[in-house]
Amino acid sequence: MEIKVTTLAGKAAGSLTVSDEVFGLEPRADLIQRVVLWQQAKKQQGTHQSKGRADISRTGAKMFKQKGTGRARHSSARAPQFRGGGKAHGPVARSHETDLPKKVRALGLRHALSAKAKSSDLIIVDDLTAADAKTKALLAQFAGLGLENALVIGGAELDSNFKNAASNIPQIDVLPVQGINVYDILRRNKLVLSKAAVEALEERFK
């Protein structure tokens, strides 16, 4: 599968043959969804917790005598039905993380990459470097490429000027190739890969 390569300035820079095993699969929405749900569950903090009756600092003495008052029988004022009592069946701090096999995670990433390639939302750039960390200059280059909402993936090491210039642009995310993930690919309209990123991905899935 051949994809055209461009420069940040919008000039043609030849073409690149990419692996069909990584970029040429028929996208499966079910696999992609499983990976996204796994990512979202892993990201959830799970620190929400309410106080049960055991956590309430309140006397444990019997509220009033058992008989002779005409009222219902009650013991501790920490019970959920009383004002200031503990909450019944409230949330507790826990991990929301689920298990997902590594092979399914890897396959989900390949299907997400293939989905972008199939919808023509994949752009390959020869090099992600900037002469200086000027957001205005980079914004003009992105406008020439039609990038308003995009995920940009560079090689193992990102050019510091490019990274700093792009950090001020809304709806543009820049990550090294190690940080590529299904959720970030899907949440942006375009996916921009450097040639170094493509090589690293193909080596990873070889």
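Remember, it's a predicted structure, so these values are computed and weren't measured experimentally. (Residues numbered from 1 in each chain as written. Predicted model: local features only at pLDDT ≥ 70, side-chain atom pairs only at ≥ 80, totals over all residues. Heavy atoms only, no water.)

### What about the pairing of strand β6 (residues 190-194)?
Here is step 1 of the chain: Among the five residues that make up β6, four are buried, leaving the element largely enclosed by the rest of the structure.
Here is step 2 of the chain: As judged from the four bridges shared by strand β3 (residues 122-125) and β6, these two strands associate in the parallel manner. Counterpart to V125 in the pairing with β6 is S194.
Here is step 3 of the chain: Note that strand β4 (residues 150-153) and β6 share four bridges and pair parallel. (Buried < 20%, exposed > 50% of the residue type's maximum accessible area, 1.4 Å probe, protein only. Helix = DSSP H or I, 4+ residues; strand = E, 2+ residues; numbered from the N terminus. Pairing = 2+ DSSP bridges.)

### A short note on the nonpolar core
Here is step 1 of the chain: Counting residues in each nonpolar core, the largest one holds 31 residues, and the members touching the most others are F23, L113 and L193.
Here is step 2 of the chain: Setting aside its immediate chain neighbours within four residues, L193 contacts F23, L122, I123, I124, V125, I153, I180, V198 and L201.
Here is step 3 of the chain: L138, L147, V152 and I172 belong to the second largest nonpolar core, which has 18 residues in total. (Core = buried A, V, L, I, M, F, W, Y, C linked by side-chain atoms within 4.5 Å. Contact = heavy atoms within 4.5 Å.)

### Observations regarding the packing of aromatic side chains
Here is step 1 of the chain: Applying the stated criterion to the full structure yields one aromatic pair.
Here is step 2 of the chain: Each ring, one from F142 and one from F162, has its centre 6.2 Å from the other, and the planes form 75°; the classification is edge-to-face. Of this pair, F142 sits in helix α4 (residues 135-145) while F162 sits in helix α5 (residues 160-166), and the two are 20 residues apart along the sequence. F162 shares its class with F142; the two are buried. (Phe/Tyr/Trp six-rings, centres within 6.5 Å; stacked < 30°, edge-to-face > 60°.)

### Some remarks on the side chain of R110
Here is step 1 of the chain: Relative to the assigned elements, R110 resides in helix α3 (residues 102-118).
Here is step 2 of the chain: Those residues in contact with R110 that lie beyond four places of it in its chain are E21, V22, L25 and F205.

### What to know about unusual backbone geometry
Here is step 1 of the chain: Unusually for a residue other than glycine, H89 sits at a positive phi of about 55°.
Here is step 2 of the chain: Position of H89 among the secondary structure elements: in the loop between α2 (29-43) and α3.
Here is step 3 of the chain: Using a relative accessible area of 84% as the deciding quantity, one classes H89 as exposed.
Here is step 4 of the chain: Here S120, not a glycine, exhibits a phi torsion of approximately 60°, which is positive.
Here is step 5 of the chain: Tracing the chain through its elements places S120 in the loop between α3 and β3.

By themselves, these are just geometric observations and shouldn't be taken as functional.
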